Structures are given as structure tokens and as C-alpha cells.
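# Report on the structure
Chain by chain, the residues:
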Amino acid sequence: MKVSELVEKTGLKTFNEGADKEIKGVYISDMVSDIIGINEGHLLITLQTHKNLIAAANLVDVAAVVISRNKTPAEDVVALANKAGIKLLGYDGDTWGLAKKLCELKIG
Amino acid sequence: MSNAACHHQWAMTNLRSGYLVIEGCFHCRNRISFFSQEPVAPIDDYHEGEHFWSHLAHYQASQFDLKCEKCSAEMQLKDVMALMLCMKCNPECGVYAAGTQEPSQKTWVYAALCADTSHSTKKCIPPESIRALNEYFNQSIKDPAKKIVVVPCSLRKSVDTCQGVVLADFGLTDLY
């Protein structure tokens, strides 16, 4: 499933344009030191909104990043994501709730 | 297939979580860092030769090694304390310059940080480790215009003014 299709089916907020990549899996983590080990094409779900999140996500070439708990990334974080072509999405609920939705959609 | 002939397909292995610990010497003002896998990051002050090392900071971080899935060659990356994204803050910096040598607009430069932050020993990350890191992070990139360039931190012009983004978890171990 592509990121655009995910947004359509789940109503996730979009914070920027970003590339419309194919989602190959899902990874949930709030620690940058953990993110650098994930595989390319994964949808990253996190509470983190720091710039180093984008630095790590760019290094491992994620499909997109979903920030849960209704958190909003700062402008400089969005700007860095734009440069990296990483789509930033938002979810109002908690990470577990989103994980359940993704399971229902058979993503990951 | 021999290691020399192999076009390596690297996989991350031996991923270990710990702390990136930064220490400074008040005598010579040098800085060093090291990776600790202790349950609690060491924060002791100690005397070593002419140095008086004091704890400056520590952040949760991770280290890893690489192993080729084709020839089983291993690349230990114990010298790599962390990776840092270059934010292109200073055109006179060697890390910045490493990115300008690539024609692509989507070139991202990451500095591999070694333990000797001040480079008083004149040593840094070995070239073979840098080469393996470049191979690893570029091998799965699908966008033909995108490139990751990993360079040793010895190219960095100034530790104090560098605005690079270190891939470590800041603030999680702060005491309030």
C-alpha cells in the first residue's frame, strides 16, 4: 500500500507533501538510537518530534513518519523532512490505537 | 566467493544499546567520547596521565557491526560512537565539502563520530569502516538521485560551532 492510500483509508493528518512511497512494513519506536536499525520502506510511528528523528529516518529511507498523540512537529523539523522528501503524518490517538488500525488494514 | 571479490550486501548485526558518554579534560580542554553498555552510564571523574577527565554528558545511543550476507565478511564498527547528519552550517568545513562533491541535489552527508573528539591522537574512523558504512546505507536506497555520504569526523572544522544533528537520544538521561 502506498502512503497516499494509507492517508485516504485512515484520515491521518499530513504536515507536508513528501514522496508517495510504498509501505513495506511498520516500525514503532520513540528512540532515535533504535530507528537506525530499521529496514528501508518502513512506516515509522513515533511520539518523537525532534530534528534528529528526521536525520535517522532519512538515513534508513523510511516510507513515511507518523507522529501520534496529536503532536505537531516544529517548522524546522517539517523543513528538514521536506528537504529529505519524507512525508510527515499525524494521528490524534495513541500509538496502540494506530497499530490496531494498521493491523486491520493488513499493513505490516 | 572471496571477501576481496565480493560486492558486499551488508546487514546490520550485533546491534547493541548503550550510552554515548562525552568527557572533557579541564587541563588540556580536549574532549573524548566512548560507548558504554553499562546499565547506568559512568559519570566518574578520573585522572589519566596528564588528563583530568570529567563527565560532560551522556545520551542513549546504539552501536552496530556489519556482516555481508553473501560472503559472511564482518566489519566491526566499535570505533564508531555515533553518526551525525551534516546541517551544512559552514562551507569551510570538510564535512560540508564532502557533500558538494556529489552532483546530486539529494546528497546527505553523515559524519561518523570517533571517540577522540579533539583528535589529539590524530586518529579517526578507519577507511574500511567508512567504506562499509557508505555501502550499507546506500545499498537499499531506491531513489537514484539520493545518496548518503558517510565521512570521518576528522573532516569537521569545529566541534564547538558544528550544528550537526547527532543520532542519539538527547534528554532521556537528564536529571531534573
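Above this note sits the structure.
Residues numbered from 1 in each chain as written. Chains lettered and ligands numbered in written order. Predicted model: local features only at pLDDT ≥ 70, side-chain atom pairs only at ≥ 80, totals over all residues.

### Describing the overall build of chain A
Where we set the bar: Here a strand is any run of E in DSSP of at least two residues, a helix any run of H or I of at least four, and the numbering for each starts at the N terminus. This radius of gyration counts C-alpha atoms alone. The globule rule is 2.2 Å times how many residues there are, raised to the power 0.38. Here a residue counts as buried when 20 or more other C-beta atoms fall within 10 Å of its C-beta, as exposed when 12 or fewer do, and as partly exposed in between; the C-beta atoms come from the backbone. Here contacts are defined at the residue level, using C-beta atoms placed from the backbone and a cut-off of 7 Å between them.
Counting its secondary structure elements, chain A contains five helices and five strands. Shown N-terminal to C-terminal, the secondary structure of chain A runs as helices and strands in the order α-β-β-α-β-α-β-α-β-α. Scaling as 2.2 N^0.38, a compact globule of 108 residues should have a C-alpha radius of gyration of about 13 Å, and chain A matches this with 12 Å. Across its three principal directions, the C-alpha atoms of chain A cover 30 × 25 × 25 Å. Classification of the 108 residues of chain A by burial places 43% in the buried group. Across chain A, every contact between residues at least 6 apart in sequence was considered, and the portion connecting residues at least 24 apart equals 48%.

### Looking at the interface of chain B and chain A
Here is the rule we go by: In the scheme used here, Gly and all other residues not listed as nonpolar or charged are polar, with Ala, Val, Leu, Ile, Met, Phe, Trp, Tyr, Cys and Pro taken as nonpolar and Asp, Glu, Lys and Arg as charged.
At the interface, 20 residues of chain B touch 14 residues of chain A. Listing elements by their share of the side of chain B that touches chain A, those giving two or more residues are strand E1 (10-25), strand E4 (51-68), strand E6 (82-85), strand E7 (106-113) and strand E9 (165-166) of chain B. Broken down by element, the side of chain B that touches chain A gets its largest block of residues, four residues, from E4(B). When its residues are assigned to classes, the side of chain B that touches chain A shows 15 nonpolar, four polar and one charged.

### Description of the sheet that holds strand E8 (residues 146-152) of chain B
Residues and elements named next belong to chain B. Stated precisely, the cut-off is as follows: Pairing between strands is defined by DSSP: at least two bridges between them are needed. To obtain each axis, a line is fitted to C-alpha atoms, and for helices this fit is confined to the stretch in contact; angles are then taken between N-to-C directions over 0 to 180 degrees.
The four strands are arranged E8-E7-E6-E9 in an open sheet whose pairing can be described as mixed. Edge positions in the sheet fall to E8 and E9, since each has one partner strand and no second. Sheet topology places E7 next to E8; seven bridges connect them, and they run parallel. Note that in E8 the partner of Thr 107 across the bridge is Lys 147. Sheet strands touched by helix H2 (residues 127-139): E7 and E8. Its angle to E8, the strand with the most contacts, is close to 160°.

### Looking at unusual backbone geometry
Residues and elements named next belong to chain A. The residue Asn 70 is not glycine, and still its phi comes out positive at about 60°. Take Asn 70: it is sitting in the loop between strand E4 (64-67) and helix H4 (75-84). Using a count of 11 C-beta atoms within 10 Å as the deciding quantity, one classes Asn 70 as exposed.

### Observations concerning the pairing of strand E2 (residues 31-36) of chain B
The two faces of the sheet receive side chains in turn, since in a regular strand these alternate between them. Residue and element names in this part refer to chain B. Sheet analysis places E1 next to E2, joined by six bridges and oriented antiparallel. Residue Tyr 19 lies in a different strand from E2, and its bridge partner there is Ser 36. The antiparallel hairpin formed by E1 and E2 contains five residues in its connecting segment, where Arg 29 sits at a positive phi of about 70°.

### Regarding the nonpolar core
To keep things clear, this is the line we draw: Nonpolar cores are identified as sets of buried Ala, Val, Leu, Ile, Met, Phe, Trp, Tyr and Cys residues joined via C-beta atoms within 7 Å.
With 76 residues, the main nonpolar core has Val65(A) and Tyr110(B) as its most contacted residues. Excluding residues within four positions of it along the chain, Tyr110(B) makes contact with Leu59(A), Leu83(B), Met84(B), Leu85(B), Cys86(B), Ile148(B) and Val150(B).

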